[in-house]
Amino acid sequence: MASIFARILSGEIPGEIVRETDRVFVLRDIAPQAPVHLLVIPKTEDYANVVELAAGDPALLAEMVGLGAELAGGDFRLVFNTGEDAGQTVFHVHAHVLAGDLSEGSLV
Ligand code: 5GP
C-alpha cells in the first residue's frame, strides 16, 4: 500500500507540492506547526526513517537537507520523527522543515 505521500506525488490525492527534483519532492504540511512547514520527501518509498536512509543512500539524505535549507529561506529547524514513540505517523521518511518565527517552540 502506497504511503500518503506517494499517493499525493502520484496525484491520487491532493497536496501542495512546492518543489520537485528527480529524486525528491517537497510538500506543504497540511497542519503547519510554524509559519513555514514543509516536508522534504524522497520519491522512493524504500526507506521508512532517516536511520535507514542514512545507511542506504546518504547522498539522497544530503540532497533533502540541501533542498530544505534552500526552501526555508533563512534559519530553520529540521526534524525527523523516528519511530512511533517519537511521533512518527508516516513511515515513508520525510524531513520537517520549520522556519519563520519559531518562538512558539514547535518541535513537531
Ligand atoms: P510525522 O508525524 O510522520 O513525522 O509527520 C507526518 C506529517 O505529515 C504531519 O506533520 C502531518 O500533518 C502531515 N500530513 C499527514 N497527512 C497529510 C496529507 O494528506 N497532506 C499533507 N500535505 N500533509 C500531511
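Looking at an unreviewed UniProt entry, one finds the protein chain named Histidine triad nucleotide-binding protein and attributed to Naasia aerilata.

1. Some words on the overall build of the protein chain
Across its full length, the protein chain holds three helices and five strands. Along the protein chain, helices (α) and strands (β) appear in the sequence α-β-β-β-α-α-β-β when read from the amino end. Relative to its full complement of 108 residues, the protein chain shows a buried share of 25%. Considering only contacts within the protein chain whose residues lie at least 6 apart along the sequence, 57% involve residues at least 24 apart.

2. What about the nonpolar core?
Residues Val26, Leu27, Leu38, Leu39, Val40, Ile41 and Val97 are the most contacted members of the largest nonpolar core, which totals 21 residues. Breaking this core down by element, the ones donating at least two residues are α1 (4-9), β2 (24-28), β3 (36-42), α3 (58-72) and β5 (95-99). Sequence-distant contacts of Val40, defined by excluding residues within four places in its chain, comprise Val24, Val26, Met64, Leu67, Gly68, His94, Ala95 and Val97.

3. As for the environment of Asn49
Note that Asn49 resides in the loop between β3 and α2 (50-56). Judged by the 17 C-beta atoms lying within 10 Å of it, Asn49 falls in the partly exposed class. For the pair Asn49 and His94, spaced 45 residues apart in sequence, the C-alpha separation works out to 7.4 Å.

4. As for the environment of Glu12
As for its position among the elements, Glu12 is in the loop between α1 and β1 (17-20). For the pair Glu12 and Asp75, spaced 63 residues apart in sequence, the C-alpha separation works out to 33 Å.

5. Observations regarding α3
Taking 1.5 Å as the rise per residue, α3 with 15 residues should run 21 Å; its terminal C-alpha atoms sit 21 Å apart, in good agreement. Within α3 the residues assigned to the buried category are Leu61, Met64, Leu67 and Gly68. Buried residues in α3, looked at end-on, bunch into an arc of 125 degrees, giving them a common side. Along α3, exposed side chains directed more than 90 degrees from the buried face belong to Pro58, Ala59, Ala62, Gly66 and Glu70. At its buried positions, α3 is contacted by β1, β2, β3, α2, β4 (76-79) and β5. In the segment just after α3, Gly73 is the residue with positive phi, at about 70 degrees.

Rules behind the numbers
- In this numbering scheme, every chain counts its residues from 1 along its sequence in written order.
- At least 70 in pLDDT is required for a residue's local features to be given in this predicted model, at least 80 for side-chain atom pairs to be given and counted, and no such filter applies to totals for whole chains, interfaces and linings, which use all residues.
- Numbering of helices and strands runs from the N terminus; a helix is a DSSP stretch of H or I covering at least four residues, while a strand is a stretch of E covering at least two.
- For the exposure call, what matters is how many other C-beta atoms sit within 10 Å of a residue's own: 20 or more marks it buried, 12 or fewer exposed, and in between partly exposed, using C-beta atoms placed from the backbone.
- It is the C-beta atoms, placed from the backbone, that decide contacts: two residues are in contact if theirs lie within 7 Å.
- To form a nonpolar core, buried Ala, Val, Leu, Ile, Met, Phe, Trp, Tyr and Cys residues must be joined through C-beta atoms within 7 Å.
- Expected span, for any helix, means 1.5 Å times one less than how many residues it has.
- Think of it as the arc spanned by the lines of direction from the helix axis to the C-beta atoms.

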